Amino acid sequence: MAIPANIRHFSRKVLYAKEEVAYDTNPTIASANVMETHDMSIALMQGGTVERMIDSHVLRNYSLYHSEPHSVITFKTYLTPNSNLANAPFWGVLMKGAAQQQSLIDGAANVDYYQYQPRNTPNQAPAPDQETSVYFQIEMDGIQHGISGARGNGVINWPRNGLPFIEWTFTGNRIAPVDNPIPTDGDYSGVAAPEPVNCN
């Protein structure tokens with residue numbers, strides 16, 4: 001039996017992420033902003049529902065309103081460096097969106113590396129409106145979803161005899177979906193292969 005051409009295959013999905021220059025503003029996504037993810041899940045319409053209850057002389061339904069609409073995205077990225085160690089890892093933008101400060105450290109033997117740490121001192125803590133926010137563009141087989149002004153957290157997992165990874169959860173403002181052919185030009189050249197735990 002032939003498969004209709006208009007069927008969506010939502011297992012075909014690609015995620016892009018970029019730091020916003022201004023909160024809740026599209027910073028213009030490029031192929032270099034692609035994320036290598038797995039186990040990605042999106043809850044697009046989150047928030048509450050309120051009724052507009054009106055006394056009336058007729059039987060009628062109440063109007064419903066969506067309150068505090070937002071979206072939540074969860075996914076995992078392998079804990080790998082950039083294939084060019086002079087550059088930050090591709091998940092560095094996610095760390096910054098999780099309230100971490102990114103610093104380039106001048107290491108021993110001319111080996112520089114990137115360090116992430118919480119903004120936990122007065123000179124590191126920016127004003128609330130200056131916290132880093134992330135813009136997500138999610139491509140799902142011809143449908144483009146967006147989440148702006150996203151901030152969240154990450155949990156580092158170091159499984160025995162497995163690949164270390166970070167599990168991310170971000171919450172942001174929902175952007176209405178639009179039809180868009182799934183991109184094929186994602187630049188994964190900066191993603192190094194992960195190393196299994198307990199492996200020489």
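Just so you know, these numbers come straight off a predicted model, no measurement behind them. (Residues numbered from 1 in each chain as written. Predicted model: local features only at pLDDT ≥ 70, side-chain atom pairs only at ≥ 80, totals over all residues. Heavy atoms only, no water.)

Turning next to the pattern of salt bridges. Inspection of the entire model under this criterion finds three salt bridges. Put simply, aspartate 39 and lysine 76 hold a salt bridge, and the shortest N to O gap is 3.1 Å. A residue pair is termed long-range when its members are at least 10 positions apart, and aspartate 39 in strand β3 (residues 38-52) and lysine 76 in strand β4 (residues 63-78) qualify at 37 residues. (Salt bridge = Lys/Arg side-chain N within 4 Å of Asp/Glu carboxyl O. Helix = DSSP H or I, 4+ residues; strand = E, 2+ residues; numbered from the N terminus.)

To continue, consider the layout of surface pockets. The method is simple in principle: a probe with the dimensions of a water molecule rolls over the atoms, and the space it marks as empty is what remains. There is about 320 Å³ of room inside the largest pocket. Around the largest pocket, the lining is made up of 19 residues, and of these Ala32, Asn82, Ala88, Pro89 and Phe90 lie nearest the centre. Looking at the lining of the largest pocket, the elements that each hand over two or more residues are β1 (13-19), β2 (34-35) and α1 (92-97). Lining the second largest pocket are 13 residues, with Pro81, Asn82, Pro89, Tyr113 and Tyr114 sitting closest to its centre. Top element by residues in the lining of the second largest pocket is strand β6 (residues 113-118). It accounts for three residues. The class makeup of the residues in the lining of the second largest pocket is nine nonpolar, three polar and one charged. (1 Å grid on protein atoms, 1.4 Å probe; cavity = no way out; pocket = protein on both sides within 12 Å on 5 of 7 lines; lining within 4 Å. Points joined across faces, edges and corners; volume = space filled by probe spheres on them. Nonpolar A, V, L, I, M, F, W, Y, C, P; charged D, E, K, R; others polar.)

A few words on the packing of aromatic side chains. Tallying each qualifying case throughout the model produces five aromatic pairs. Ring centres of phenylalanine 75 and phenylalanine 170 lie 6.4 Å apart, and the angle between their planes is 10°; on these two criteria the pair is classed as stacked. One end of the pair, phenylalanine 75, is in strand β4; the other, phenylalanine 170, is in strand β9 (residues 165-179), with 95 residues separating them in the sequence. Phenylalanine 170 matches phenylalanine 75 in its accessibility class, with the two residues each being buried. An aromatic cluster of three or more residues is present, and its members are Phe75, Phe136, Trp168 and Phe170. (Phe/Tyr/Trp six-rings, centres within 6.5 Å; stacked < 30°, edge-to-face > 60°. Buried < 20%, exposed > 50% of the residue type's maximum accessible area, 1.4 Å probe, protein only.)

The subject of this paragraph is the nonpolar core. In terms of nonpolar packing, the biggest core is built from 23 residues, with Ile73, Phe75, Leu94, Phe136, Trp168 and Phe170 touching the most fellow members. When contributions to this core are tallied by element, the ones reaching two or more residues are β1, β4, α1, β7 (134-140), β8 (143-157) and β9. Top contributing element to this core by residue count: β7, with four residues. Not counting chain neighbours up to four residues away, the residues in contact with tryptophan 168 comprise Ile73, Thr74, Phe75, Thr77, Trp91, Leu94, Met95, Ala98, Asn153 and Gly154. Core analysis: the second largest hydrophobic core is formed by six residues, Ile29, Val34, Tyr135 and Ile182 among them. (Core = buried A, V, L, I, M, F, W, Y, C linked by side-chain atoms within 4.5 Å. Contact = heavy atoms within 4.5 Å.)

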